[in-house]
Structure formats: C-alpha cells, structure tokens
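Here is what each chain is made of, one letter per residue.
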Amino acid sequence: MLFRSFSMTAKPRTHKNNIFYNSRSGGTGTKNYAIGLSTDAGLSIDYNDYYVSGTNSFLGFFDGSDKTTLADWQASTGGDANSFNANPVLSNPGGTDPDDYKPEVLLEGNSISGITTDFEGKTRQSPPTMGAFEYGPKMIFVKYNASGSNNGTSWTDAFTSFQSALDNAYRGDKIWVAAGTYKPETEVGGSGDRYKTFQMVEGVEIYGGFHGDEDPTTFDKDDRDFETDESILSGDIGTADDNSDNCYDVCYHPNGFNITSSAVLDGFTITGGNADDDATHYNGGGMYNHSSSPTLSNCKISYNSASYYGGGIFNNSSSSPTLTNCIISNNFALSGGGMYNNESSLELTNCILSNNSAYMGGGMFNIESSPELINCTISNNFAYTAGGGMFNNASSPTLKNSILWGNSASTSGNQIYISSGTTTLYYSCYSNESGDIDGTLTTSNSITSYPKFIDPDNYDFTLYGISPCVNTGNNSYNSEDYDVRGENRIQNTTIDMGCYEWTEGTDPLKKYIFVNDNASGNSDGTSWTDA
C-alpha cells in the first residue's frame, strides 16, 4: 500500500511492502511524520519505504519520541531490517487520481503469500514492488548531442550521459542509445579516473546502434546499422590514444554484483580498457565478470588489454555469459588475449575471435571451464608461447559448426594447446598440420581442409561458395535466424560452418585472378584493369 502519512495503535500489526510518504511542512509547534506507532505488542514490520520532506518533518514517531533516521527507527522498533529511506518519486504527490501515486523508482519488497496482483490488477513480480502499484517498465533514451530536457524520456529529451541512464534504470526498463562515444563517469573499487567504469543493471536491456530518431513503437531493432550508427563505450578517458591513463575496465562486474542473463547489452563497441593496475584491476580490460552472467549480442570488443588475464573479457568463478553475434578482436593479455575463462561455463554463437594475442591462449584461455562455441570462427590469433587459438587446462570446451584456422604460436599448439581435460570438435573445420594441435583432440564429423576465407589477411572471414565449410554443419546446433552480419542462416538445406553463412548474390562463388601483360593498374589480379 501507499500512505501519505500513517499512525496506528491497534494490534496485532503487520506492515510490509508499503510506501509511507509525507511531503508536508509543519508549522510552529507542528511535526510531520511518515509513520507513527505505539509500543503495543504484535508488531511485524519490514520491507517498507519511508520518505519525509519539508520543515519539522521526521521519519517516524515511536515509543513517545521522534525518530529522525531509518537507523533510529530500526533500533527502536526492532524491525524494518530490509526497509528503505528513499524518495519513491511519485508521479504527482498530493493529487487526487490514483495514478498520481505511481512511483518512478523501483523499490523491491518481499513476496507475500496470497498477494498476486496490484491495485490495478497487474500481476505482482518476484520480488514485488513496494506500494500499491507494481513498477511499470519504461524506455530510456541516450543521445550524446541531445539538446532537450536531459531526462531520458525521448530522443529530443534524451540523457546525454550513458551513466545517467544506468542510474535511472530499474528491472524491466529498456535503454536505447544513439550513435556516439560514451565514457565512464563513476569510480568503482578505487579512487581516481582510471577506476571509472560502466556497470550493467540487473533486468535491464540496453540497446545501441540507433541513429537517434527511431520510433520505439514501430522500429524493428533488427534494422539497426551498427557500422553507420556505432555506439561506443570507450575507456579512453585521458589523453587520446594513450592507454596509460585509460580506465582499467570499461565494464566491471566484481564479486557480489551477480548480474544474470536478464542484464542485456546489445549493439555496442567496447574499447579502450587497460587493466594494468598492480594491485586489483589487472584482468578484463573490456569486461570483467566475477560470478556474473550477462547477455551480450551484436557487440564488438576490441583494442582492450590486461596485464594478466582476459584482455577483451575476463570470466571468473561461475560466470556464464551468453555471447551472440559478437566480434572479439585486437585485444592483448598475459593469458587469454581475447577471453579468459576460469571456473566458468559460457556459450558463444556466431562469434569471431581474431587478431588477439597473449603469451598463452591468444584467442581464448580456459582453466577448469567448459565453454560451448557454436558457429564461431577463431582465426589470426597469436600466442608468444602456446595455444595461438585456444589454450585449455583442466577444461572441456566444445566447438560445434566452428572454424579454427590460421592461428599461430611461437612454441606449440598453433590452433589448440591442451594441457589437460577434453576438447571436442563436432562438425567443425580445423587445421591439423604439424604443430597445430598439442594434446589429444576429440573430433566428430570434422574436416581439415582449408576453409577458403575470402580475405583473412584483412580479417574478412566470409566464405567462397566452393568452401568445404558451406552446407556441411549440423542444423540442430544453432537456433539463430541470422549469422554474425545479419544474413539468413541456412541458405540452402544445411547450415555452414563458421560465423558467416554463404549467401548467393552477396558472396562470390570462387576467386578469379586476372592476368594481362598489358595491364596498367595495380597489378593485384583483381580485375582486367588491375591484372
């Protein structure tokens, strides 16, 4: 329930999941309270919010005396251990319409048996919202150059700061972010600019890649153009292009944060994190997850670094993020240049790991972990010692419909280094030349023929139509409708291996090389002019 003020002496009394609100100012000799109670027995009180404002106002009155703070109230009543003293931001306090008392802030209560709907008949969530109304999810807009009211209610009045949107987002909300570069503003885990970071919000879906004028009631998010309307989360907060003063972690979810798959980040570039702190922040330059499992889609995680583990992404202690249509490239770390997984299980679908580097595990490093990679391409990664594509220690990674090719290591295991555990490839393509596989690899229905990438030197891992990877995967492994670039999956009857589905009319069938001793062009063989 919601009360503008409350006083009660009868017993027994149970007060839970309520909002007690009083915004009046007291005159001479007059005091105002959010709540007033006697000391009668039978008091059961918890999961409430108490808010007062104005002059001569006190949070509560109990046992014959004023209680100024929530701590005072808790000590006197012996209850309200899980209660708040926060402004619920009512729509129009003092109004006469019930809608005037809908809070704009999510205050989570505790489920009560038998109470399944709110004042309007809406289903109560778990946990429910305090007050008479279940919190209604809202849209929040972010646009760096918006010139309106800066309140996030529309593109015109969008927040210009991404952090402002995060600060005002609650379970069920959606955030739309227009193209632009957004930099962390909030310090977490230390003091100083380099501790600034972004933190996702449990239950909130965050989407980037918008032009900044789309109608949310009609626009299909699948129509976003991530290249033209790139939404960038950048750790480059100091001197431009000098990573020595960059944020340690662009996105940071430490121990105790515990976000789940309901926290969604879709359509962003994460770049410029440099986790090189000697004391605490030395892992996960792009994203740090400890017992956190966010959902990432359509993201690029590039040009991040860590002095120890996970230049692009660090997953630790039962983290199980899900990555779909993501590109992890050009990251560096001591171990796991692209990604480092410790005691974690995760799933990657339609993802690319390329051009990452590390001393061990250029693309990915796994220890006591069991990642599943479906229709992924791991190529052009490098390890200064072992495991150019992947390094596995006491781990059980599984690759399905995937391509592992063109990685290198100075010592051993160009493609995969297996220290211990079981690494299994199903319906996948991998290089098996001398020095490519170090350790025992288990395969099923896999091939070792060159995949015929179109231009791997320039990180173009699309396939020629005559590639042995075309129409040779297993349809049951992948339920996604599109490949990493948005082309329809399963162009013919059978899915392709790798992150790209060969598309007739878009991708060439085969490579043509032109030769003409009279040509006067670039002499690269790509046309008669440049033969």
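For clarity, every value in this text was computed on a predicted model and none was experimentally measured.

Cut-offs and rules
- Residues numbered from 1 in each chain as written.
- Predicted model: local features only at pLDDT ≥ 70, side-chain atom pairs only at ≥ 80, totals over all residues.
- Heavy atoms only, no water.
- Helix = DSSP H or I, 4+ residues; strand = E, 2+ residues; numbered from the N terminus.
- Buried < 20%, exposed > 50% of the residue type's maximum accessible area, 1.4 Å probe, protein only.
- Contact = heavy atoms within 4.5 Å.
- Areas by Shrake-Rupley, 256 points an atom, 1.4 Å probe, with all protein chains shown as cover.
- Lys, Arg positive; Asp, Glu negative; His and termini not counted.
- Charge placed at Lys NZ, Arg CZ, Asp CG, Glu CD.
- Pairing = 2+ DSSP bridges.
- Phe/Tyr/Trp six-rings, centres within 6.5 Å; stacked < 30°, edge-to-face > 60°.
- Lys NZ or Arg CZ within 6 Å of the ring centre and 35° of its normal.

*Asks:* Would you mind showing me how to read the overall build of the protein chain here?
*Replies:* Counting its regular elements, the protein chain contains two helices and 47 strands. Per-residue burial over the protein chain gives 51% buried out of 531 residues. For the protein chain, the share of sequence-separated contacts (at least 6 apart) that also reach a separation of at least 24 residues comes to 66%. For the protein chain, the exposed surface amounts to about 22,500 Å²; the carbon and sulfur share of it is 44%. The distance from the centre of the 26 positive side-chain charges to the centre of the 63 negative ones in the protein chain is 10 Å.

*Asks:* Before we go on, may I ask you to explain the pairing of strand β42 (residues 423-426) in this structure?
*Replies:* Look at any regular strand and the pattern is simple: side chains alternate between the two faces of the sheet. Looking at chain direction, strand β38 (residues 398-400) and β42 are connected through three bridges and run parallel. Directly across from Lys400, in β42, lies its bridge partner Tyr426. Strand direction decides the pairing type here: β42 and strand β45 (residues 441-444), joined by four bridges, are parallel. Note on β45: the bridge partner recorded for Leu425 is Thr443.

*Asks:* Honestly, the sheet that holds strand β36 (residues 382-386) in this entry has me stumped. Any pointers?
*Replies:* By way of backbone hydrogen bonds, the strands of a sheet pair with one another, either parallel or antiparallel. If you walk across this open sheet you meet the six strands as β20-β24-β28-β32-β36-β40, and the pairing is parallel. The sheet is open, and its two borders are formed by β20 (274-275) and β40 (408-409), each paired with just one other strand.

*Asks:* Would you mind going over the packing of aromatic side chains with me for this structure?
*Replies:* On inspection of all chains with the given rule, the structure shows 34 aromatic pairs. An angle of 55° between the planes, with centres 6.4 Å apart, marks the rings of Tyr426 and Tyr477 as tilted. Highlighted residues: Tyr426 in strand β42 and Tyr477 in the segment after β47 (460-463), separated in sequence by 51 residues. Through a chain of ring-to-ring contacts, the aromatic side chains of Tyr252, Tyr282, Tyr288, Tyr308, Tyr309, Phe314, Tyr340, Phe365, Phe391 and Tyr417 assemble into a single cluster. Here the basic side chain of Lys221 rests over the ring of Tyr207, its NZ or CZ set 4.8 Å away from the ring centre.

*Asks:* Help me out: how do you make sense of unusual backbone geometry in this one?
*Replies:* Trans is the prevailing form of peptide bonds, just as negative phi is the prevailing case for residues other than glycine. Of the consecutive residues Ser126 and Pro127, the connecting peptide bond is found in the cis state with omega at 0°. Residue placement: Pro127 occurs in the loop between α1 (70-77) and β10 (139-142). Its identity is not glycine, yet Asn330 carries a phi of approximately 60°, on the positive side. Following the sequence through the fold, Asn330 ends up in the loop between β27 (327-329) and β28 (332-335).

*Asks:* Before we go on, may I ask you to explain the pairing of strand β25 (residues 313-316) in this structure?
*Replies:* Here β25 shows a buried face lined by Ile313 and Asn315 and a second buried face lined by Phe314 and Asn316. Note: β25 against strand β29 (residues 339-342), four bridges, orientation parallel. What sits directly across from Asn316, in β29, is Asn342.

*Asks:* Looking at this model, I keep getting lost on the environment of Asn289. Mind explaining?
*Replies:* Along the chain, the position of Asn289 falls in strand β21 (residues 287-290). Note on Asn289: relative accessible area 1%, which makes it buried. Note: C-alpha distance between Asn289 and Phe58 (231 residues apart in sequence) is 42 Å. Those residues within four positions of Asn289 in sequence are excluded, and the remaining contacts are His253, Pro294, Ile313, Phe314, Asn315, Asn316, Ser319 and Pro321.

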